[in-house]
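For reference, the chains in residue letters:
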Amino acid sequence: MNNPVINAARYAEERQDVLPRAAWVRSTIAALPASPHLRPHCAPNYLSDLGLRYRDDPAHYYRSIVEACGLAWESARAMPDAREFFDSWRKGSADETDLLEHLDALVNYGGQWRFAARLCRMYWKLVGTGGSPLLLGLAASLLAHFDRPISDDIFRSLSADNKYINIYSEIRYAIKLLKIDRSLDAAKCQFDRIDALLVRVRGMHRLSQGDCDVLQSVVDNARALMFDIEGRDEEAAFTLEKASRRIASADGLVIIEDDQKNRYLEQIPVNSIQLLLIQECYEEAIEKAHSLLSYVERCHRSSRAEALYLLGYSEFLSGELGEARAHWEHGQYVAAAYGLVTPLRNYRESLSVLYGRIGNERDSEEALIAADADPAGFRLLGERMEPIEID
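To start, this report covers the structure provided alongside it. It should be emphasised that the depicted structure is a prediction, and the values quoted were computed from it without experimental measurement. (Residues numbered from 1 in each chain as written. Predicted model: local features only at pLDDT ≥ 70, side-chain atom pairs only at ≥ 80, totals over all residues. Heavy atoms only, no water.)

The helix and strand inventory of the protein stands at 20 helices and zero strands. Its C-alpha radius of gyration of 22 Å places the protein within 12% of the 21 Å reference for a compact globule of 391 residues. Judged by the C-alpha coordinates and their principal axes, the protein covers about 60 × 55 × 35 Å. Within the protein, buried positions represent 53% of all 391 residues. Long-range pairs, those at least 24 residues apart, make up 66% of the contacts in the protein with a sequence separation of at least 6. Summed over all atoms, the accessible surface of the protein reaches about 18000 Å², with 49% contributed by carbon and sulfur. Side chains of the protein carry 46 positive and 60 negative charges; the gap between the two charge centres is 5 Å. (Helix = DSSP H or I, 4+ residues; strand = E, 2+ residues; numbered from the N terminus. Rg over C-alpha atoms; globule rule 2.2 N^0.38 Å. Buried < 20%, exposed > 50% of the residue type's maximum accessible area, 1.4 Å probe, protein only. Contact = heavy atoms within 4.5 Å. Areas by Shrake-Rupley, 256 points an atom, 1.4 Å probe, with all protein chains shown as cover. Lys, Arg positive; Asp, Glu negative; His and termini not counted. Charge placed at Lys NZ, Arg CZ, Asp CG, Glu CD.)

A word on the packing of helix α13 (residues 233-249) against helix α14 (residues 258-278). Running from amino to carboxyl end, α13 crosses α14 at an angle of 155°, the nearest separation of the two axes being 10 Å. Relative to α14, α13 is oriented roughly antiparallel. With respect to the hand of their crossing, α13 and α14 are arranged in left-handed fashion. Contacts between α13 and α14 involve D233, A236, A237, L240, A243, S244, I247 and A248 on the former and, on the latter, K261, Y264, L265, I268, N271, S272 and L275. (Axes fitted to C-alpha atoms, helices over the stretch in contact; angles between N-to-C directions. Parallel < 35°, antiparallel > 145°, perpendicular 65-115°, else oblique. Left-handed = near helix turned anticlockwise from the far one by under 90°.)

On to the pattern of salt bridges. For the structure on display, the rule yields 27 salt bridges. Between K176 and D181 there is a salt bridge; the shortest N-O distance is 2.6 Å. Here the salt bridges do not stand alone but share partners, grouping K188, D192, D195, D220, R223 and R246 into one network. (Salt bridge = Lys/Arg side-chain N within 4 Å of Asp/Glu carboxyl O.)

Our next topic: the layout of surface pockets. Approximately 490 Å³ is the volume found for the second largest pocket. Forming the walls of the second largest pocket are 20 residues, and the residues nearest its centre are A59, H60, R63, S64 and W73. Among the elements of the structure, α3 (57-68), α4 (73-77), α7 (113-127) and α20 (378-383) are those that each provide at least two residues to the lining of the second largest pocket. (1 Å grid on protein atoms, 1.4 Å probe; cavity = no way out; pocket = protein on both sides within 12 Å on 5 of 7 lines; lining within 4 Å. Points joined across faces, edges and corners; volume = space filled by probe spheres on them.)

Here the focus is the nonpolar core. In terms of nonpolar packing, the biggest core is built from 132 residues, with I65, L142, I154 and I171 touching the most fellow members. With sequence-adjacent residues up to four places away left out, I171 is seen in contact with L50, I194, L215, V218 and V219. (Core = buried A, V, L, I, M, F, W, Y, C linked by side-chain atoms within 4.5 Å.)

Now for α13. Across its 17 residues, α13 extends 25 Å between first and last C-alpha, which sits within 8% of the 24 Å expected from 1.5 Å per residue. Of all the positions in α13, only A236, T239, L240, A243 and I247 are classed as buried. All buried residues of α13 project into a common sector of 100° when viewed along the axis, lining one side. Residues of α13 that are exposed and point more than 90 degrees away from the buried face comprise E234, F238 and S249. (Expected span 1.5 Å × (residues − 1). Arc of directions from axis to C-beta.)

The next point concerns unusual backbone geometry. Located in the positive-phi region is R182, a residue other than glycine, with phi close to 55°. As for its position among the elements, R182 is in the loop between α10 (167-180) and α11 (184-203).

We now examine empty space enclosed by the protein. On inspection of all chains with the given rule, the structure shows three cavities of 30 Å³ or more. Here the largest cavity is characterised by a volume of approximately 70 Å³. Around the largest cavity, the lining residues are R26, I29, A30, R39, A43, P44, D104, N108 and Y109. Elements with a minimum of two residues in the lining of the largest cavity: α2 (21-31) and α6 (96-109). Of the residues assigned to the lining of the largest cavity, the class counts are five nonpolar, one polar and three charged. (Nonpolar A, V, L, I, M, F, W, Y, C, P; charged D, E, K, R; others polar.)

Attention shifts here to a negative patch on the surface. Together, E283, E284, E287, E320 and E323 make up a negatively charged patch on the protein surface. For the negative patch, the leading source of residues is helix α15 (residues 282-299), giving three residues. Looking at where E323 falls in the secondary structure, it is placed in helix α17 (residues 321-337). (Patch = residues over 30% accessible without salt bridge, like charges linked within 9 Å, V, L, I, M, F, W, Y side chains within 5 Å.)

Structurally, S217 can be placed in helix α12 (residues 209-229). Leaving out residues up to four positions away in the same chain, S217 has contacts with A243, R246, I247 and I268.

Applying the stated criterion across every chain yields a total of 14 aromatic pairs. Ring centres of Y54 and F146 lie 5.4 Å apart, and the angle between their planes is 85°; on these two criteria the pair is classed as edge-to-face. Here the residue Y54 occupies a position in the loop between α2 and α3, and F146 occupies one in the loop between α8 (133-143) and α9 (148-160), the gap between them amounting to 92 residues. Given the relative accessible area of 35%, Y54 is considered partly exposed. The class of F146 is buried, set by a relative accessible area of 19%. Both rings, one in Y309 and one in W328, keep their centres 5.5 Å apart while their planes meet at 20°; by these two values the pair is stacked. With Y309 in helix α16 (residues 304-318) and W328 in helix α17, this pair connects stretches of sequence that are 19 residues apart. A network of ring pairs unites the aromatic residues Y309, Y313, F316, W328 and Y347 as a single cluster. (Phe/Tyr/Trp six-rings, centres within 6.5 Å; stacked < 30°, edge-to-face > 60°.)

Okay, here's the thing in structure tokens:
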């Protein structure tokens, strides 16, 4: 199987001297290829994302890597015929792990979402309900952005499999119904189904009580979004507070890892702060944002870019422009160090507005130019004297 993305990654892996650390780490992962269970925070996995994020970030980052290594972009982005690629897998190893690893590199490193979606359609047509539950779950998530009917079919087939209960797949389906389909009634039914499944798997001793508490908090975090969409602000706030208390006290984790818990725990106050900003409760939002930043500094440093941005945004809206500027100017380097393309653009566009507000037109214009000319932040990192440590 000739995968141009993996070929580029193998070349880039040998060019550590010209790449930021996050770019080199991502290249090393894609070069194997492999889909590691525990991957560094600077190498996000969009395929397994519970929020079903779909962004061009990997493609922008991939192009920056290719150009930094002196490779030809047109060759690095030119994909083979999808049918021929799939047939070479089917007639060769036909190993589902092998296909999963190629999908990992295609999406998370190369940003080849549509090519990967075509492969997932072919896989579903070939194996149907007899395929790997893990691979089918990721295929359903990916196809949610490109082929909703097939995505629904796969999600429903996984839900009907009583031998294999995948709470993560169930949560992703609820998120699809809520965020992509905007089907609130269906999402509510799915949330209720997950509540019952968690009680069931706990009774079967497949998850510890701590595991269930963490997952229930993830569900309630998403349920609060549904309440927010419906304009039920008080219920949204109450649900987030309940989720925050439950996950913070969750103990005796077996299946859930501490890093997962900390990452989920960070997301709940993010949503709480956003809700406060909508309600124009700026002072309370700033207080919570400071607490969030303190937490991530101690327990989940890879979330600093999000926490710094949210604190700066709360300060900006409240009129504390000096504080917002300091947090945003530092935060953009953190976002660049982790290879976070969209958050980096958000920083630069927000700084552009802030600079304009204080009368610094030159910096305002330069921030927007940098957002287009240096989307991955390679040049920005090159200008910094002290490196940002990442994990």
